[in-house]
Structures are given as structure tokens and as C-alpha cells.
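Okay, here's what each chain looks like letter by letter:
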Amino acid sequence: MKAIIATDEAAGTAGMTLAERPQPQAAINDVIVEVHASGFVPTELTWPSTWTDRVGRKRMPSIPGHELAGVVTALGYGTTGLSVGQRVFGLADWYRDGTLTEYVAIEARNLSPLPGDVDFTAGASLPISGLTAWQGLFQHGRLQAGQSVLVHGAAGAVGSIVTQLAREFGAYVIGTGRAADRQKSLEFGANEFVDLANDTLEEIGSVDLVFDMIGGEIQKRSAGLVRAGGTLVSVVGPVEARPADGLAIDFVVESDRAQLGEIVQRVRDGRLRTNIGNISTLDNAVAAFNSTERRTGKTIIRTHA
Ligand SMILES: NC(=O)c1ccc[n+]([C@@H]2O[C@H](COP(=O)([O-])OP(=O)(O)OC[C@H]3O[C@@H](n4cnc5c(N)ncnc54)[C@H](OP(=O)(O)O)[C@@H]3O)[C@@H](O)[C@H]2O)c1
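Values in this document were obtained by computation on a predicted structure and should not be read as measured data. (Residues numbered from 1 in each chain as written. Predicted model: local features only at pLDDT ≥ 70, side-chain atom pairs only at ≥ 80, totals over all residues.)

**Considering the overall build of the chain**
- Each helix and strand counted, the chain has seven helices and 15 strands in total.
- Computed over C-alpha atoms, the radius of gyration of the chain comes to 19 Å, within 12% of the 19 Å expected from 2.2 N^0.38 for 305 residues, which places it in the range of a compact globule.
- Overall, the C-alpha framework of the chain stretches about 55 × 40 × 35 Å when taken along its three principal axes.
- A buried classification covers 45% of the 305 residues belonging to the chain.
- In the chain, of all internal contacts separated by at least 6 residues, the share reaching a separation of at least 24 is 63%. (Helix = DSSP H or I, 4+ residues; strand = E, 2+ residues; numbered from the N terminus. Rg over C-alpha atoms; globule rule 2.2 N^0.38 Å. Buried ≥ 20, exposed ≤ 12 C-beta atoms within 10 Å, placed from the backbone. Contact = placed C-beta atoms within 7 Å.)

**Details of the domain arrangement of the chain**
- Partitioning the chain into domains gives domain 1 (2-125 + 274-302) and domain 2 (129-250).
- The gap between the C-alpha centroids of domain 1 and domain 2 is 28 Å.
- In this assembly, six residues from domain 1 lie in contact with eight residues from domain 2.
- Taken together, the residues of the side of domain 1 that touches domain 2 sort by class into one nonpolar, four polar and one charged. (Domains from an automatic or database assignment. Nonpolar A, V, L, I, M, F, W, Y, C, P; charged D, E, K, R; others polar.)

**A short note on unusual backbone geometry**
- Backbone torsion omega between Met-60 and Pro-61 reads 0°, so that peptide bond is classified as cis.
- Looking at the secondary structure, you find Pro-61 in the loop between β3 (30-39) and β4 (67-75).
- Positive phi values are uncommon outside glycine, yet Arg-142 reaches one of about 45°.
- Locating Arg-142 in the fold gives a position in the loop between α2 (127-140) and β8 (148-151).
- For Arg-142, a count of 14 C-beta atoms within 10 Å puts it in the partly exposed group.

**So, the site of the ligand**
- As a matter of local geometry, the ligand sits amid 22 residues, with Thr-43, Gly-153, Gly-156, Ala-157 and Val-158 nearest to it.
- The set of elements that each furnish at least two residues to the shell around the ligand consists of α2 and α3 (157-168).
- In terms of residue count, the dominant contributor to the shell around the ligand is α3 (three residues).
- The residue inventory of the shell around the ligand, partitioned by class, reads twelve nonpolar, seven polar and three charged.
- Looking at which domains feed residues into the shell around the ligand, each of domain 1 (2-125 + 274-302) and domain 2 (129-250) supplies at least three. (Near = placed C-beta within 6 Å.)

**Focus on α2**
- In terms of burial, α2 is largely enclosed, as eleven of its 14 residues are buried.
- For α2, every residue scored as buried is listed here: Pro-127, Ile-128, Ser-129, Gly-130, Leu-131, Thr-132, Ala-133, Trp-134, Gly-136, Leu-137 and His-140.
- At the C-terminal side of α2, Arg-142 shows a positive phi close to 45°.

Here is the structure:
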């Protein structure tokens, strides 16, 4: 089967190539999924899980990509809950070969049914961004209606879903990003927008929750904006500055079938809009990931027609 492989950590996306790889085998509780569409987060090439297994042994060449939508073609020993021919979408294990390929072996529990009226491209754009937004807002951020949320990188893949979910649950959203992101962020529902290069972040006053997709100096300044009892949630690594009288947490998104169901239902009924910046093919994926053109939103790779 065809797959995108990575063999050189230092080379980043430039080191990816299209190659021929053996078909994956289904282990206990796995399914094999014929991948129709797949998403990729460029930073995953810097994560140790892309290059080793769970006990630290090298596993190269590695197939990147960890979110997918497709059709189940085979079941592993003892697998329940999904059937051959079923449309699915979900989040693949960080430490196994991923989804930028034609077929992937994946634990059934990492997948959720994809309703027939949601296309594969939309389905593949949701797992990482949707689950990260859901878990950051509701599990780690304990968002309540009426609270205010500062969303850094609000026009991006995660930020656009954070914005929409936070608004749906009754929060006031301040989005941030680059000057060019203002309109997009407001269209996704932000109540106001801070251009981080030209506006003064501190002028927004205090907030109940900071959802940080940027880190560094922006994160440090944001810790000081968290109200007493509030929370700073980071998805870009360990928190560098903590709120004086609040909580700080960094987390890595986990697979969750029920949450995937909540997210896809919102796409079906129009409460959530996807944020897809580019659609390419497996043959053109390396070029798509190395494009110098600035795009916001996910790049989705279509595999089987
Ligand atoms: N821990 C987890 O489980 C988890 C899960 C998902 C994502 N993440 C991480 O979260 C981050 C965001 O992911 P994503 O998929 O949402 O990425 P994305 O689609 O590229 O969105 C990030 C947005 O933030 C903007 N931005 C970045 N740095 C900025 C700065 N200094 N000033 C103004 N705007 C800035 C980006 O603009 P430009 O494109 O112009 O830079 C982009 O619009 C990534 O680092 C990713 O690895 C972590």
C-alpha cells in the first residue's frame, strides 16, 4: 500500500516521502480501516511518539498522521463494537503507524461511527481539534455558562472549535491571533479579537479561562489575566507561568468515543463548522505539507475516492 513515511526527525516535513509499505495486521481489539481522509499536525514530527514505541524502541520508517475517517475492512481477534463496512472516524495511537496511508490498524475504542451525512473530509478534520477543544474546555477548564474565555490562535484548527463550543455553552469569547485572522475568528463566533502584534492583550482585563495554543511570552502574559479561581489550559507543553490564584494544566488529547459522537452531532445539526484550509491527495501530500503559502485551517489528505 502507499503511505507517507518519515525517517529523519531533523528534516521535519521536508523529510517526508511517499513510499510502498506492507499492509498492516489487526492485533487484538483492532480494526483495519481503509482510510478515505486523514489529518496531520506538523508538530507531531517533533513528538517522541512519532519515532519510538511505548518502551522507547525506534520505529522507523514511521507513518505520521493521527486522525482519520474511513471504512472498516477487517476486525482483529476479539474486537467488538464495530463491524466490517462501517464508516468510522477517530484518533490513532501516537505510538503506532498513523493515517497518511491507505490502510491503518487501530484499536476499535479509538473510533466512533461516522454518520452517513458527514463526508470523510469533514470527519477527518474533527478528531484532534474537536477532542482537544472539548477536553480543554469542559474536563480541564470546567467551563461554566457566563464565564469568559481567552482563546489564543482562535482562527486555527483547535481555536475555531474552542470558540464555537465555548459560545454554544454560554461563554464570552476573546479570540487572538494575527491581524489577518480577525475576520475569520469573528466569523467562528468570537465576541472580540486581539491582534497579538498590534493590540495590547492586557486591555481585555481578566478572564475565567485561558485556552493556549501559542505558548511562550503570550502564555506568560496571559497567566496574569486569569481571575481568582480561574484556569490556564495549555496544549503546547508544560505551563511556563501559573496564575497567581488559579489553576494551570497542560494535557495531550485522548481518544473518547462519546465525545466524538457529541462533536459529529454538532456538525450534522449546524452548531459546529469545520475549519479546512486545503484538501490534497496522498500523492501530493508531501508538497501540501511543505507549501510556503499561509493557510489557516486543517490540511486534509484524501486517499480512497
Ligand atoms: N496537546 C494536545 O493534545 C494538542 C492537540 C492539538 C493541537 N496541539 C497543539 O496546539 C497548537 C495549535 O494547533 P492547531 O492545529 O490549532 O494549529 P493551527 O491550525 O496552525 O492554529 C494555530 C493558530 O495560531 C496562530 N499563531 C501561532 N503563533 C502565533 C503568534 N505568535 N501570534 C499570533 N498567532 C499565532 C497561527 O497562525 P500562523 O499559522 O500564521 O502561525 C494559527 O492561526 C499546535 O502547537 C499543536 O501541536 C496540541
